[in-house]
Structures are given as C-alpha cells and as structure tokens.
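Understanding the architecture of this molecule
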Amino acid sequence: MHSSSPSPTRSLRSLGLSLALLSAFAFGGSGTAAKPLIEAGLSPLHVVWLRVTGAALVLLPLAYRHRAAVRQRPGLLLGFGLLAVAGVQACYFAAISRIPVGVALLIEYLGPPLLLGYVKFVQRRPVSRGAVIGAGVAVTGLACVVEVWNGLGFDAVGVLFGLGAACCQVGYFVLADAGSRGEKPIDPIAVSAYGLLIGAVLLTALTRPWEADWGLLGGSVVMNGHSLPAALPAAWMVLVATVLAYLTGVVSVQHLSPPVAGVVANLEAVVATVLAWVLLGEHLGTPQLLGGLLVLAGAFAAQTSKPVSAPERTVASGGGTGDGSTGNRGTEAEGVRGDAVRESA
C-alpha cells in the first residue's frame, strides 16, 4: 500500500525552496531601502555598515545563546563573517566605484555558475544538468534585468572586485551548508549571528562610521516624491533585508544543495528591480521584463532538477545526508556537504 503523503526529503526540499525565495525577496529590498538614505547624505559604505551592524546588534542575544558555537567551529564563523558578510559588501561597493552598477551586479551574480564549477572541477562532485542549465538561463536573464549593454566599460580593477564579490558569494553558500555537517554541527542562527557580528567588526575598520552624519536618521527622507521618516527605511534594511534575509538564506542552503540555492538567489536582482519600479519610480523596460522571466525560468529549472548519481565514496565519506537517502544514489548536495565540512572544520 502506497502512502500519498510527501516524503521527508521532498518536504525538506519544499521548505528549503520556500526559505530561499523568502531570502531572495528580503535581500532584494536592501537597495530600495538604502537609496533614500544615500540620497539624504550617507555614503554607500556607511549605509552598509549601518545595515550589518544594526543586524548584528539585533541578533546579539541569539549570539550569546549560541556562544558554544565559537568553541565548536571558530574557523567557519570567521570565514562566514569575512566572506559572506564583509567580503561581499566591500567588494561589491569597491566594484561600483569603478564600473557601472549593472555590470558589477552581473559579475557578482556569476557566483552560482562559479559555485557549480567549484563543485564540479575542484570537489569533483556531480551536479545536475538542470542546475547547470538553470544557472545559465538565470545569468542571461540577469544581464537583461540590469541592462548591462547600457554601461559596458572595462576597468580591470573594477572587474576584479566584482569577481571578488562573486567568489565571496560562493563562500556564503558553501559555508552555510557546512555549518550543519560534520561532528560538530552548529545552529544556522549561530552562523548568521556570528557572521554578522564578525562582519560588523571588519566593516567598522574599513568604513570609519564615526565620520558619518548619523543625525540624518532622525529626520526625513524622500522616496518617489513622498517624505517619510529616515528611520523607516533604515529599520526595513536592518530587520528585513539583513536579519530575515540571512537567517532564511542560511537555513535554505541546508535543505537545498548550494548550487540550487545559489541559482534561486538570482531572484534578488529581479525583486530589487521591481521594488525600484514600484517604490522609487524607476520604470522597467521590455528587456528587463523579459530578463525577469528568464531568471524565474532558470531558478525553476534548477530547483526542479532531478538528483544525479554520486560515486560510492561520496556517500561513504560524507556520512550520509540525514535526509533518509540510502545506497549509491545522492544529490549534488551530498558531495558539497562532505567536502565542505572537511575544508571548513
């Protein structure tokens, strides 16, 4: 007799997809919330510092509650703070200081294809054809969303910073997955909380926030011709676009493979563009609408991809996935989990 209820693996995958979508939507609102603050007089780097530091303070009680994680996996927490928080932000803003924003955004979101290459050629683990196709379609759509052809310009240093942001994004997905694996797994809340705390410390040294005019937060800002308290977009940027985004994103990677979660994360650019259209009055053109559809199609192709066969040593060395899988079958996530743990422990 066959049960009609979904399997535990499928349920976890659905949960992971839902959280990945929520994370992409939350991350996508950061630019829309930051722009009025930047136009009011704060520098982009000071807005980034406000975002990360505010989120770190919000999660400080949770960091204290999970303080044992510092002894269990100090290297992983330091790496997450350095790469997934400070590294992505610093490299991206350094890139847009030298090359157009659209080009920098496109280079940063080469992270998912780079992640596939890392899994395939460095870890030598199988990746599904759907994930590869989805990544390619999503990047093509992303080029249309940011209208990369309107700002093409080659600056070697700027491109290198953009690639640095993409590589740091790879670190985000690999380390988020590694946190729950190995002999000393740690709670994803601890990964997010300590990552943001470490990132805030690093960004403080980089941005020198004491030079900013923080009195602006007590006044008003203008969004699409309407005046509103500056504290409102600041709070949204901290609580939704950072705290919620990181917490849901880290958990989602543990239920999806990092390559699939990375492709779904491309939706952030679509969300950012749509929110800028609705809230900031930045109109969308036909190429952007078509590009958004391509990103959606790419993300759908990746998350619906079927598992691929993994070598027997993958299952044996990875210690299992914890999702009930048996035998010599495995997803690309199993390969990532096995090697990521060994590299980050």
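Up top you'll find the structure we're talking about.
Keep in mind that this is a model prediction, so the values were computed, not measured. (Residues numbered from 1 in each chain as written. Predicted model: local features only at pLDDT ≥ 70, side-chain atom pairs only at ≥ 80, totals over all residues. Heavy atoms only, no water.)

**Re the overall build of the protein**
The helix and strand tally for the protein stands at 17 helices and two strands. Taking all 345 residues of the protein together, 52% fall into the buried category. Within the protein, contacts between residues at least 6 apart in sequence are counted, and of these 85% link residues at least 24 apart. Summing over all exposed atoms, the protein offers an accessible surface of approximately 15600 Å²; the carbon and sulfur share of this is 66%. (Helix = DSSP H or I, 4+ residues; strand = E, 2+ residues; numbered from the N terminus. Buried < 20%, exposed > 50% of the residue type's maximum accessible area, 1.4 Å probe, protein only. Contact = heavy atoms within 4.5 Å. Areas by Shrake-Rupley, 256 points an atom, 1.4 Å probe, with all protein chains shown as cover.)

**Quick look at the packing of helix H10 (residues 156-178) against helix H12 (residues 231-255)**
One can describe the packing of H10 onto H12 by two numbers: an axis separation of 8 Å at closest approach and a directional angle of 70 degrees. It follows from the interaxial angle that H10 and H12 lie roughly perpendicular. Helix-helix and strand crossings are classified by hand; for H10 and H12 the assignment is right-handed. In this structure, H10 uses Tyr172, Phe173, Ala176 and Asp177 to contact H12, whose residues at the interface are Ala245, Tyr246, Gly249, Val250, Val253 and Gln254. When its residues are assigned to classes, the contact of H10 with H12 shows seven nonpolar, two polar and one charged. (Axes fitted to C-alpha atoms, helices over the stretch in contact; angles between N-to-C directions. Parallel < 35°, antiparallel > 145°, perpendicular 65-115°, else oblique. Left-handed = near helix turned anticlockwise from the far one by under 90°. Nonpolar A, V, L, I, M, F, W, Y, C, P; charged D, E, K, R; others polar.)

**Here's the deal with the pairing of strand E1 (residues 220-223)**
Across the two faces of E1 the burial differs, with Val221 and Met223 buried and Ser220 and Val222 not buried at all. With four bridges connecting them, E1 and strand E2 (residues 226-229) associate as antiparallel partners. Paired with Met223 across the strands is His226, a residue of E2. Linkage of E1 to E2, two consecutive antiparallel strands, is achieved through a turn of two residues, within which Asn224 is found at a positive phi near 55 degrees. (Pairing = 2+ DSSP bridges.)

**Digging into the nonpolar core**
Within the largest apolar cluster, 78 residues are counted, with the highest numbers of intra-cluster contacts made by Leu37, Phe80, Tyr172 and Leu196. For this core, the element with the most residues is helix H6 (residues 74-96), which contributes nine residues. (Core = buried A, V, L, I, M, F, W, Y, C linked by side-chain atoms within 4.5 Å.)

**What about the state of the cysteines?**
According to the stated counting rule, one finds zero disulfides in the structure shown. Note on Cys167: no disulfide assigned, nearest cysteine sulfur contributed by Cys168 at a separation of 7.1 Å. Residue Cys168 stays outside any disulfide, its sulfur separated by 4.6 Å from that of Cys91, the closest cysteine. Judged by its relative accessible area of 8%, Cys168 falls in the buried class. (Disulfide = S-S within 2.5 Å.)

**Some remarks on the pattern of salt bridges**
Two side chains that carry opposite charge are able to pair once their charged atoms sit near each other. Within the structure shown, the criterion is met by one salt bridge. A salt bridge links Arg208 to Glu211, with the shortest nitrogen-to-oxygen separation between them at 3.6 Å. By relative accessible area, which is 44% here, Arg208 ends up partly exposed. (Salt bridge = Lys/Arg side-chain N within 4 Å of Asp/Glu carboxyl O.)

**Looking at the packing of helix H3 (residues 44-58) against helix H11 (residues 188-207)**
Their axes nearest at 8 Å, the elements H3 and H11 cross at an angle of 150 degrees. As judged from the angle between their axes, H3 and H11 are roughly antiparallel. Helix-helix and strand crossings are classified by hand; for H3 and H11 the assignment is left-handed. Residue-level contacts link Leu45, His46, Val48, Trp49, Val52, Thr53, Ala55 and Ala56 of H3 to Leu196, Leu197, Gly199, Ala200, Leu203, Thr204 and Thr207 of H11. Residues belonging to the contact of H3 with H11 are distributed by class as follows: ten nonpolar, five polar and no charged.

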